[in-house]
Amino acid sequence: MLEIKNLHARVDGNEILEGISLTVKAGEIHAVMGPNGSGKSTLAKILSGHPSYEVADGQILFEKNNLLEMDAEERSLSGIFMGFQYPVEVPGVNNAEFLRMAFNARRVRDGEEEIDPLDFDELLSEKMKMLKMENKYKERNLNDGFSGGEKKKNEILQMAILKPKLAILDETDSGLDIDALRTVAEGVNSLRNEKNALILITHYQRLLDYIKPDFVHVLHKGKIVKSGDKALAIELESQGYDWVTTEN
Amino acid sequence: MNAETTAERNSVSDILENDTYKYGFTTDVESETFAKGLSEDVVRAISAKKKEPAFMLDFRLRAFAKWKTMKAPKWPNVRYPSIDFQNISYYSAPKKKKQLQSLDEVDPEVMRTFEKLGIPLDEQKKLANVAVDAVFDSVSVATTHKKKLMEAGIIFCPISEALAEYPELVEQYLGTVVPIGDNFYAALNSAVFTDGSFVYIPPDTISPMEISTYFRINTEETGQFERTLIICAENSYVSYLEGCTAPQFDTNQLHAAVVELITLENAEIKYSTVQNWYAGDKETGKGGVYNFVTKRGKCRGDNSKISWTQVETGSAITWKYPSCILQGDNTSGEFYSVALTNGYMQADTGTKMIHLGKNTRSSIISKGISADHSSNSYRGQVKVGKNATNARNYSQCDSMLVGGKSSAHTFPYIEAANRSVQIEHEASTSRISEEQLFYFESRGISRENAIEAVISGFCKEVFKQLPMEFAVEAQKLLTLKLENSVG
Ligand SMILES: Nc1ncnc2c1ncn2[C@@H]1O[C@H](COP(=O)(O)OP(=O)(O)OP(=O)(O)O)[C@@H](O)[C@H]1O
Ligand SMILES: [Mg+2]
């Protein structure tokens, strides 16, 4: 599904990713861990097409297409979703309205008619129920004044509505309380199937107890310094990053 | 008759008859225009040319005398080279706009805007003044509308026609809201205006449709010094629409219009404007229209109401403060405004609410959007007289900055001469950021739709005041203007 080959990337002239290679197949879950500032969010933003990051070298293929030739909008429409570490607030734009615009953008791309607002409302209610979100979040403005945890839940709500093929969740677990973490994890699990894939960026192995990764990668200074299975995450939790980073 | 007046009369006829070198007008196939320059003779010549009643000439002459003693205002927060008033021609007979044979002849830039605004083909033809076919005959539309209005007893005609047919109505109301010497540009307009609209709604009448200047001016060039007078008699209502979203090019750089609204007891006027004058070269600001307008309404009768809604998107320089004088008891004034500036545009707009009657209410909702290198100022005055007990005002001024080089300024002035007044003022500044747009795009929403969503959210309270189709177009227009400015 996704093939990243020798990816080098810069922002404002600083080299942040220094040769990342990663292959994700349909049905797989990959966890990406690593110390602060190691480049995890950078990788996520590059995958979703953020214009501030400059790819200096390397290649990214998504379902055999050259991802680097697509802008953020096209990437989203072709099935990539990034749950932001810090979702931006958009005052004045209604949350439900925003979700409907995103949903309809797909419909329009597929040459279908826009969804009936009442049907959409029903769909939205169903997904919000699954995530234990109160109805009032429909009426609120997009992330405007949302608490840290509410913002994260709202990201997963978007994912549930958009049903991406590849979701990259950047520290979705940070900021969620224990119950919310479980709800969100259950939500994410319920969206899984053998055709889609997941990249989970996290600092905590607790999330990985709920959403079980097939692979765990450790990112350090813009490189993947170690890859393994779930056991690697457990080991990191007890030992910290020193043992992987000093080995190199 | 003394020598001086004879001499004067001679020079007026000189101007009219074109027999001297100094004056005279150039007559080409489509228009006749006075030579450049302004003097009392020119003012007399305008009045004579239009065969106006004596009171009108007197009005113009008093205005001219006043104007000569005045100086162009320096206080607005705008910069422009000073205008040479002798280098303008003050009379040009209503000139037919050039009729085009097909849309292929229309400026491609204008066509692009039409497309983006989603204006239907027939409408495009009408706006671009393409000879219209049987499907959409603008002339017949205009006449059916006129007939409908006449049946209701409503007068809607060019002000020059009103001067000929209803001189006593014009005399009774003209200049009662904006006195001839009100300000430099109003004085100039009072001296030299050549045309504009006149509306009179008789008592107990609800206008059966929105009245729009469009029906009148679409085949004529808008005058440089337009004059509009709207009177709404007891228990009547009218909604009036000025301008359109299609880009307006004009060879006249200076525009100084005056609009006066008058409501009698229990009457209501709702006046909406969408303005999209050419703003000049986006990179240099050269060549754009200077729009210096005096718009004011007077709620004369008790329980009457005047509401201004404006969407300002064009002009190199805009200087405009639609205001309300709340004279009757229990009257109310409203001002809803969206002013967008981009490129090198400068706008200094706002409102004045003058509370004179008891229990008067006013509310001001101002949304300023500034992009690129533009400067956008809100200037609002709330003044409460000593007899205006229990007056209330609510003002909300929000600014949105787009990109990093634009500026927004807010200048509220409050004066209250009695203690029973309640005045509330709120202000905020926000920004459309690249991060916000990326957020939309990362959900598959186009940049264009993203800007539209953010802007329409920001302007919601104002757009909701506009007639539906107008609101949709206005929203698209703002989006179009901002598309390249975020970053
Ligand atoms: N615009 C920028 N200019 C300069 N440096 C930047 C810029 N954006 C990101 N960086 C740097 O790139 C590095 C990687 O940042 P990134 O956000 O990818 O880290 P991360 O692994 O997600 O960290 P965290 O675990 O704290 O979220 C950091 O050192 C950061 O300061
Ligand atoms: Mg991060």
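Everything numeric here is computed off the predicted structure, so don't read it as measured data.

What counts and how
- Residues numbered from 1 in each chain as written.
- Chains lettered and ligands numbered in written order.
- Predicted model: local features only at pLDDT ≥ 70, side-chain atom pairs only at ≥ 80, totals over all residues.
- Heavy atoms only, no water.
- Helix = DSSP H or I, 4+ residues; strand = E, 2+ residues; numbered from the N terminus.
- Rg over C-alpha atoms; globule rule 2.2 N^0.38 Å.
- Buried < 20%, exposed > 50% of the residue type's maximum accessible area, 1.4 Å probe, protein only.
- Contact = heavy atoms within 4.5 Å.
- Lys, Arg positive; Asp, Glu negative; His and termini not counted.
- Charge placed at Lys NZ, Arg CZ, Asp CG, Glu CD.
- Buried area = accessible area lost by both parts, 1.4 Å probe.
- Salt bridge = Lys/Arg side-chain N within 4 Å of Asp/Glu carboxyl O.
- pLDDT = per-residue confidence, 0-100.
- 1 Å grid on protein atoms, 1.4 Å probe; cavity = no way out; pocket = protein on both sides within 12 Å on 5 of 7 lines; lining within 4 Å.
- Points joined across faces, edges and corners; volume = space filled by probe spheres on them.
- Nonpolar A, V, L, I, M, F, W, Y, C, P; charged D, E, K, R; others polar.
- Near = heavy atom within 4 Å.
- Polar contact = N/O pair within 3.5 Å; in protein donor to acceptor, adjacent residues only side chain to side chain.
- Areas by Shrake-Rupley, 256 points an atom, 1.4 Å probe, with all protein chains shown as cover.
- Donors = N, O, S within 2.8 Å, 3.2 Å for Na, K, Ca; no water.
- Axes fitted to C-alpha atoms, helices over the stretch in contact; angles between N-to-C directions.
- Parallel < 35°, antiparallel > 145°, perpendicular 65-115°, else oblique.
- Left-handed = near helix turned anticlockwise from the far one by under 90°.
- Expected span 1.5 Å × (residues − 1).
- Arc of directions from axis to C-beta.
- Pairing = 2+ DSSP bridges.
- Phe/Tyr/Trp six-rings, centres within 6.5 Å; stacked < 30°, edge-to-face > 60°.
- Lys NZ or Arg CZ within 6 Å of the ring centre and 35° of its normal.

Helices and strands together make up the secondary structure of chain A, namely 10 helices and 10 strands. Scaling as 2.2 N^0.38, a compact globule of 248 residues should have a C-alpha radius of gyration of about 18 Å, and chain A matches this with 18 Å. Principal-axis analysis of the C-alpha atoms gives chain A an extent of 55 × 40 × 35 Å. The buried share of chain A, reckoned over its 248 residues, is 54%. Nonlocal contacts in chain A, meaning residues at least 24 apart in sequence, comprise 68% of its contacts between residues at least 6 apart. Charge-centre separation for chain A: the mean point of 31 positive side chains lies 3 Å from the mean point of 42 negative side chains.

Taken together, the 30 residues of chain A in the interface contact 18 residues of chain B. Both sides together, the interface formed by chain A and chain B hides about 1,900 Å², and carbon and sulfur atoms give 67% of it. At the boundary of chain A and chain B, one finds 1 salt bridge. Between Arg443(B) and Glu155(A) there is a salt bridge, with its nearest N and O atoms 2.7 Å apart.

On to the confidence of the model for chain B. Residues and elements named next belong to chain B. In this model, chain B carries a mean pLDDT of 81, and residues with pLDDT of at least 70 account for 78%. Throughout residues 1-10 the model reports pLDDT below 50, and contacts reaching past four residues in sequence, or to other chains, amount to 5 contacts. Counted against residues more than four places away or in other chains, residues 215-220, with its pLDDT under 50, gives 19 contacts. Listed scores for the predicted complex are pTM 0.79 and ipTM 0.95.

Moving on, we come to empty space enclosed by the protein. All names here are of chain B. Considering all chains together, one arrives at 4 cavities of 30 Å³ or more under this definition. The calculated volume of the largest cavity comes to roughly 110 Å³. Listed by contribution, the elements that provide at least two residues to the lining of the largest cavity are β15 (332-341), β17 (361-371), β18 (375-384), β19 (392-402) and β20 (407-416). Ranked by residues supplied to the lining of the largest cavity, first place goes to β17 with 5 residues. For the lining of the largest cavity, the residue count by class is 5 nonpolar, 10 polar and 2 charged.

All names here are of chain A. In the vicinity of ligand 1, 15 residues are found, and the nearest of them are Gly37, Lys40, Ser41, Thr42 and His203. Here Ser38 contributes a backbone N or O atom positioned 3.2 Å from an oxygen atom of ligand 1. Between ligand 1 and the protein, one listed contact pairs an oxygen atom with a side-chain N or O atom of Gln85 at 3.0 Å. For ligand 1, whose accessible area on its own is 640 Å², the fraction buried by protein is 64%. Mapped by element, the contributors of at least two residues to the shell around ligand 1 are β2 (14-24) and α1 (40-48). Broken down by element, the shell around ligand 1 gets its largest block of residues, 3 residues, from α1. In terms of residue class, the shell around ligand 1 is made up of 3 nonpolar, 9 polar and 3 charged.

Moving on, we get to helix α11 (residues 434-441) of chain B. Counting buried positions along α11(B) gives 6 out of 8 residues, so the element sits mostly inside the fold. Listed in full, the buried residues belonging to α11(B) are Gln436(B), Leu437(B), Phe438(B), Tyr439(B), Phe440(B) and Glu441(B).

Moving on, we come to the coordination of the magnesium ion (ligand 2). Each protein donor to the magnesium ion (ligand 2) is listed here as Ser41(A) (OG) and Gln85(A) (OE1); together their distances run 1.9 to 2.1 Å. Of this pair, Ser41(A) sits in helix α1 while Gln85(A) sits in the loop between β6 (80-83) and α3 (95-109); the two residues are 44 residues apart in sequence, bridging distant segments of the chain.

Looking now at the packing of α11(B) against helix α12 (residues 447-463) of chain B. Residue and element names in this part refer to chain B. Put simply, α11 and α12 touch, their axes get as near as 9 Å, and they point 120° apart. Looking at the two axes, α11 sits oblique to α12. By crossing handedness, the relation of α11 to α12 is classed as right-handed. Contacts between α11 and α12 involve Glu434, Leu437, Phe440 and Glu441 from the former and Arg447, Ala450, Ile451, Ala453 and Val454 from the latter.

Below, the discussion takes up helix α4 (residues 117-130) of chain A. Residues and elements named next belong to chain A. With 14 residues, α4 extends 20 Å from end C-alpha to end C-alpha; this agrees with the ideal 20 Å at 1.5 Å per step. Listing the buried residues of α4 in full gives Phe120, Leu124, Lys127 and Met128. Here the buried residues of α4 occupy an arc of 100° about the axis, which is enough to place them on one side. Along α4, the residues that are exposed and aim more than 90 degrees away from the buried face are Leu118, Glu122 and Lys129. Of the surrounding secondary structure, the elements contacted by the buried residues of α4 are α3, α5 (136-139) and α6 (148-162). In this structure Asp116 caps α4, since a side-chain oxygen of it lies 2.9 Å from the backbone nitrogen of Leu118. Following α4 by one or two positions, Lys132 adopts a phi angle in the positive range, close to 50°.

In summary, the side chains of a regular strand alternate between the two faces of the sheet. Residues and elements named next belong to chain A. Where strand β1 (residues 2-11) and β2 come together, 8 bridges link them in antiparallel fashion. What sits directly across from Leu7, in β2, is Ile20. Pairing of β1 with strand β4 (residues 54-62) involves 7 bridges; the strand directions are antiparallel. If you follow Ala9 over to β4, its bridge partner there is Val55.

All names here are of chain B. It is at 7 Å that the axes of helix α3 (residues 54-68) and helix α9 (residues 184-192) come closest, and there the two elements cross at 145°. As α3 packs across α9, the resulting crossing turns out to be left-handed. Only Phe184, Ala187, Leu188, Ser190, Ala191 and Val192 of α9 make contact with α3, whose side of the interface consists of Phe59, Arg60, Ala63, Phe64 and Trp67. Residues that form the contact of α3 with α9 fall into these classes: 9 nonpolar, 1 polar and 1 charged.

Residues and elements named next belong to chain B. Enumeration over the complete set of coordinates arrives at 19 aromatic pairs over all chains. Taken together, Phe64, Trp67, Phe85, Phe184, Tyr185, Tyr290, Phe292, Trp319 and Tyr321 form an aromatic cluster joined through their ring pairs. Over the aromatic face of Phe458 sits the side chain of Lys367, whose NZ or CZ is 5.1 Å from the ring centroid. Arg379 extends its terminal NZ or CZ atom over the ring of Phe411, reaching a point 4.6 Å from the ring centre.

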